[in-house]
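# Fold and contact review
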Amino acid sequence: MDFAFGPEDEAFRHEARAWLAEHLAGDPPPVPGRAWERELGTGGWIGLGWSDARGTYGNRTATLGGQVVWAEEYARAHAPARLGHLGENLLGPTLLAHGDAAQRTRFLPAIARGEELWCQGYSEPGAGSDLAAVRTVAVRADGGGAYRISGQKTWTSHAHEADWCFVLARTTPGSRRHHGLSLLLVPMDQPGRIEVRPIRQLSGDADFNEVFFDGAEARAEHVVGGEGNGWRVALGLLARERGVSTLTQQIGFAAELARVIRLAVRTGAAEEPAVRDRLVRQWAELQTMRWHALRTLAGDDAPGAPNVAKLLWAGWHRRLGELAMQVRGAPAVLGPDDWHPDRPYRLDALQRLFLFSRADTIYGGSDEIQRGIIAERVLGLPKEARP
């Protein structure tokens, strides 16, 4: 296939680059947060990939090439990390595919304006990669006009900042595995019914959270795709998790690799044949992942391509963290500055890369789960026995 960008894409690139340059020129520059999300929404840059078959909701739409261009320019401009990507890239397309007109009218404009932030209530203790083991329950209440939700979700990104959560819960009593599940849209501002607890990570950050639902309410009209159809909707949502954002991720990977290469040259580690070989291999594998992502986005991909992509980038990123520490040598165990009671846990960028990337092969579907999906659904091998 042809990976080149056409004149229309390059014109869009010029517009995106000019807008980003203007809006990132402040002193101090923008930081991740609601203000930046609203700025993006005002510019019409949220929801570029939403299908306009059901109309638009205050967003502009772009071709696949335009979406790739925006992702590349956004990453290259070092623009702030997004807080609204779950609503934009996961829930938005899901509502367009499975939601009803009232749900789309209520939620999509607020996402496109950058006014409402979302988190994802999928993983649970004992139901992470094996999502069909969900135990959170939602029972009818108020004469059938609402659901009361009880259970626990974990590894929930941005739950402490989100306005809403899309929650996979069991709505059919006694159901098992993928049967009897529903996807509910739940407001997070329910004191006493929803508790969010940050999870401290190996890197010292707390980007993830545990979320406890104790009779939290969701309105009956906020079930996406109908009661009991949650598994189909959930799988459709997960299929959208690795879209154009994969290319943005890879641009970030390229910047990290460039930092490691510069360090290797500066310290002389690049003169060691084994290190030089690893650096070249990391670069070549990253180029391969880029072409794979572009081919997948264009629809020219084989079954199981998203699962293969997850295996590729997770292992690649973890190996890059290990390589960064090899290049650093003994100084890798030292922090960037002296210990102080006010900042007892300080890491530089490469130390943070090494520690955080240890989780890459686990979250978002572990390597073992990805290999199992490829074996069963793509290669047709016998299914593993499950309870």
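Notes on the structure in this doc start here.

What follows is about the overall build of the chain. Of the regular secondary structure elements, the chain holds 11 helices and eight strands. When the backbone C-alpha atoms are referred to their principal axes, the chain occupies close to 70 × 55 × 50 Å. Counting all 387 residues of the chain, 46% fall into the buried class. Put simply, 71% of the contacts in the chain that link residues at least 6 apart link residues at least 24 apart. Of the charged side chains in the chain, 45 are positive and 48 negative; the average position of the first set lies 4 Å away from that of the second.

Tracing the sequence through the fold places E73 in helix α3 (residues 64-76). Classification of E73 as buried rests on a relative accessible area of 5%.

Its 12 residues give helix α11 (residues 367-378) an end-to-end C-alpha distance of 16 Å, which sits within 8% of 16 Å, the value for a rise of 1.5 Å per residue. Here α11 has its buried residues at D367, Q370, I373, I374, A375 and E376. Packed against the buried residues of α11 are α9 (305-328). Immediately downstream of α11, the backbone of G380 shows phi near 75°, a positive value.

The subject of this paragraph is the pattern of salt bridges. Scanning all chains against the criterion turns up 21 salt bridges. With its nearest N and O atoms 3.0 Å apart, the salt bridge here joins E116 to R106. Of this pair, E116 sits in the loop between α5 (101-112) and β1 (118-121) while R106 sits in helix α5, and the two are 10 residues apart along the sequence. Classification of E116 by relative accessible area gives buried; the value is 18%. The closest approach of N and O atoms between E115 and R113, which form a salt bridge, is 2.9 Å. Here the residues in one salt-bridge network are E10, R13, R17, E72, E73, R76 and R290, joined through shared partners.

Two faces make up the sheet, and in a regular strand the side chains alternate between them. Both strand β2 (residues 137-141) and strand β3 (residues 146-153) contribute to a ladder of five bridges, which runs antiparallel. Bridging across to β3, V137 finds its partner in S150. Between β2 and β3, which pair antiparallel one after the other, the connecting turn spans four residues, and D142 there sits at a positive phi close to 50°.

Remark: α9 packs on α11, axes separated minimally by 9 Å, with the N-to-C direction vectors making an angle of 150°. With respect to each other, α9 and α11 are oriented roughly antiparallel. Here α9 and α11 pass one another in a crossing that is left-handed. Residues N307, V308, K310, L311 and A314 of α9 touch α11, and the partners they reach there are D367, Q370, R371, I373 and I374. Counted by class, the contact of α9 with α11 contains five nonpolar, two polar and three charged residues.

What follows deals with the packing of aromatic side chains. Counted according to the given criterion, the structure contains 14 aromatic pairs. Seen from their ring centres, W70 and Y74 are 5.5 Å apart, and the 55° between their planes marks the pair as tilted. Of the two residues, W70 and Y74 are both situated in helix α3; the distance of four residues between them amounts to about one turn of the helix. Of the two residues examined, W70 and Y74, each falls in the buried class.

Moving on to the nonpolar core. Of all hydrophobic cores here, the largest spans 42 residues; its most connected members are L40, W45, W70, W118, Y122, F166 and L185. Mapped onto this core, the elements with two or more residues apiece are α1 (7-23), α2 (34-42), α3, α4 (85-98), α5, β4 (164-170), β5 (181-187) and α6 (230-239). The leading source of residues in this core is α4, at five residues. Each residue touching F166, except ones within four places of it in the same chain, is listed here: L86, L90, L91, W118, C119, Q120, G121, Y122, L183, L184, L185 and L237. In this structure, A269, V275, L279 and A324 belong to the second largest nonpolar core, which totals 22 residues.

Turning our eyes to something else, we now look at the pairing of β5. Of all seven residues in β5, six are buried; the element is thus mostly enclosed. Across seven bridges, the pairing between β4 and β5 is antiparallel. Among the inter-strand pairings, V167 is bridged to a residue of β5, identified as L184. Relative to strand β8 (residues 223-224), β5 is paired through two bridges, and the arrangement is antiparallel. Residue pairing for β8: L184 is matched across the bridge by V223.

Criteria and cut-off values
Residue positions are given per chain, counted from 1 along the sequence in the order it is written. Totals for whole chains, interfaces and linings use every residue, but because this is a predicted model, local features are given only for residues with pLDDT of at least 70 and side-chain atom pairs only at 80 or more, for both listing and counting. Hydrogens and water are ignored here; the side-chain numbers use all heavy atoms of the structure. Here a strand is any run of E in DSSP of at least two residues, a helix any run of H or I of at least four, and the numbering for each starts at the N terminus. For every residue, the accessible area (1.4 Å probe, protein chains only) is compared with the maximum for its type, and the residue is labelled buried under 20%, exposed over 50%, or partly exposed between those bounds. Only heavy atoms matter for contacts: two residues are in contact if any of them lie within 4.5 Å across the pair. Counted as positive: Lys and Arg. Counted as negative: Asp and Glu. His and the chain ends are not counted at all. Charge positions are represented by NZ for Lys, CZ for Arg, CG for Asp and CD for Glu. A helix is expected to span 1.5 Å for every residue after the first. The term salt bridge refers to a side-chain nitrogen of Lys or Arg lying within 4 Å of a carboxyl oxygen of Asp or Glu. Pairing between two strands is assigned when DSSP locates at least 2 bridges connecting them. Axis definition: a line fitted to C-alpha atoms, over the contacting stretch in the case of helices. Angles run 0 to 180 degrees between N-to-C directions. Angles below 35 degrees are treated as roughly parallel, those above 145 as roughly antiparallel, those between 65 and 115 as roughly perpendicular, and all remaining angles as oblique. By definition, turning the near helix anticlockwise from the far helix through less than a right angle yields a left-handed crossing, and turning it clockwise yields a right-handed one. Each residue gets one of three labels, nonpolar for Ala, Val, Leu, Ile, Met, Phe, Trp, Tyr, Cys and Pro, charged for Asp, Glu, Lys and Arg, and polar for the others, Gly among them. When the centres of two rings from Phe, Tyr and Trp lie within 6.5 Å, Trp using its six-membered ring, the rings pair. Their planes under 30 degrees apart give stacked, over 60 give edge-to-face, and anything left gives tilted. Nonpolar cores were defined as sets of buried Ala, Val, Leu, Ile, Met, Phe, Trp, Tyr and Cys residues, with membership established by side-chain atoms within 4.5 Å.

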